[in-house]
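Residue strings, one per chain:
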Amino acid sequence: MKTRLGIFVAAIVLLPLLGFFVSGMEWDDLTQRHLVGDASIVNLPATLLTTLMMAGYILFINHLNKLITGNQPFKEQQKFLLWVGAAGAVLCWLTTYLNLYAATWATQADNPLMQALLYTPLFALLAPAVLSTRAFIAALPGVLKIMRTQHSCPPPAPETLSLTLLALAILGLTGGVTWIAHLALLFWLAPLLLLMGLQLLWNENTVFSGLKTGDNGRLICAGLAGLVTGNFTLFAYHSNGGVLAIQSTLLQQVGFIIFGLTCMQLADVVAENWRGKKRSELFQQKKKFPIPVVVKSK
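On a predicted model such as this, the values are computed, not experimentally measured, just so you know. (Residues numbered from 1 in each chain as written. Predicted model: local features only at pLDDT ≥ 70, side-chain atom pairs only at ≥ 80, totals over all residues. Heavy atoms only, no water.)

**A few points about helix α1 (residues 2-22)**
For clarity, the threshold we go by: Helix and strand labels come from DSSP, where a helix needs a run of H or I of at least four residues and a strand needs a run of E of at least two; each type is numbered from the N terminus. The span you would expect from a helix comes to 1.5 Å times its residue count less one. To get the bend at a given residue, fit one axis to the seven residues ending there, fit another to the seven starting there, and take the angle between those axes. Using a 1.4 Å probe on the protein chains alone, a residue whose accessible area is under 20% of its type maximum counts as buried, one over 50% counts as exposed, and one in between counts as partly exposed.
Taking 1.5 Å per residue, 21 residues should reach 30 Å; α1 reaches 30 Å between its end C-alpha atoms and fits that length. The largest bend along α1 measures about 25° and falls at Ala-11. By the burial criterion, the buried members of α1 are Arg-4, Leu-5, Phe-8, Ala-11, Ile-12, Leu-15, Pro-16, Gly-19 and Phe-20.

Here it is, written out as structure tokens:
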């Protein structure tokens, strides 16, 4: 788990930098591309109130889950959700870092320490909110049955698929810096593709693995959860007086779906720490011959 997450973070940070320097661009080019706003973009009351609303949203959704299924995720999976929250906060900051190159929404470069203290608690709530929402949608009567189909989609060989996904992720993270107008979708898909490619390298499943058996429920529910959580967060921020200027509404909604899928895939990686399955166990050496053999020298 830790190895994959380390590779994931390093690739997200370094590959856009590589594409930036290889393209011969200068920092002024990024500044001109960016929609840099004034200090009013960092709205302290709006962010704090949005954080409180997201905490209340998670409690409400988990209460609904308890009413429908009887499960209590906060009580039964508290440590896991804390790890998911920490991983989700890192994912959100990596997304914010990628936006320096894509300029999809307006940002404020001043007061980085204040922004870190202000936004990290909010970011840490988003991934647990997505998981809670997905669990609620999946628990609704008949939902998973409707989403199951007889038509399966056999995937390519894991090695081929893994290399393809990793190649697309590298292309998106490096090429998207220079040709963001043409590779915007691939650029924002790159973190999910990278996680999926690493999962396949480790012989693990991805959020799309259910397609080979016709089980679309997990995939669709995760996408819907990202859509609901993202729009509720945006609604909460705007209703509290916050302003977030996003270039494309369509890209915004697609981004919420991608974020939901990425959170689900990230949670799967984190969950392996509790399952106890490690890569070293996949390549265990054969046991030694149990009977010792003694060779006498003549």
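**Points about the environment of Ser-23**
As for its position among the elements, Ser-23 is in the loop between α1 and α2 (27-33). Overall, the relative accessible area of 31% leaves Ser-23 in the partly exposed class. Sequence spacing of Ser-23 and Trp-179 is 156 residues, and the spatial spacing of their C-alpha atoms is 10.0 Å.

**Points about the confidence of the model for the protein chain**
Detailed reading of the predicted coordinates is not advisable wherever pLDDT is low. Put simply, the rule reads: What pLDDT reports is the predictor's confidence in each residue, on a scale of 0 through 100. The contact criterion used throughout is that any non-hydrogen atoms of two residues lie within 4.5 Å.
Per-residue confidence for the protein chain gives a mean pLDDT of 82, with 82% of residues at or over 70. Averaged pLDDT values for the elements of the protein chain fall to 44 in helix α12 (residues 279-282) and rise to 92 in helix α10 (residues 217-239). Contacts for the low-pLDDT stretch residues 35-40, under 50 throughout, to residues beyond four places or in other chains number 9 contacts. Low pLDDT, under 50, characterises residues 277-289; the stretch is placed with 9 contacts to residues that sit more than four places away or in other chains.

**Re the pattern of salt bridges**
Heads up, the condition is: Salt bridge criterion: a side-chain nitrogen from Lys or Arg within 4 Å of a carboxyl oxygen from Asp or Glu.
Enumeration according to the criterion identifies 2 salt bridges in this entry. Two residues, Arg-218 and Asp-268, come together in a salt bridge whose shortest N-O distance is 2.5 Å. Residue Arg-218 is located in helix α10, and its partner Asp-268 is located in helix α11 (residues 249-275); the two are separated by 50 residues in the primary sequence. Residue classification places Arg-218 among the partly exposed positions, given a relative accessible area of 30%. Its relative accessible area of 17% is what places Asp-268 among the buried residues.

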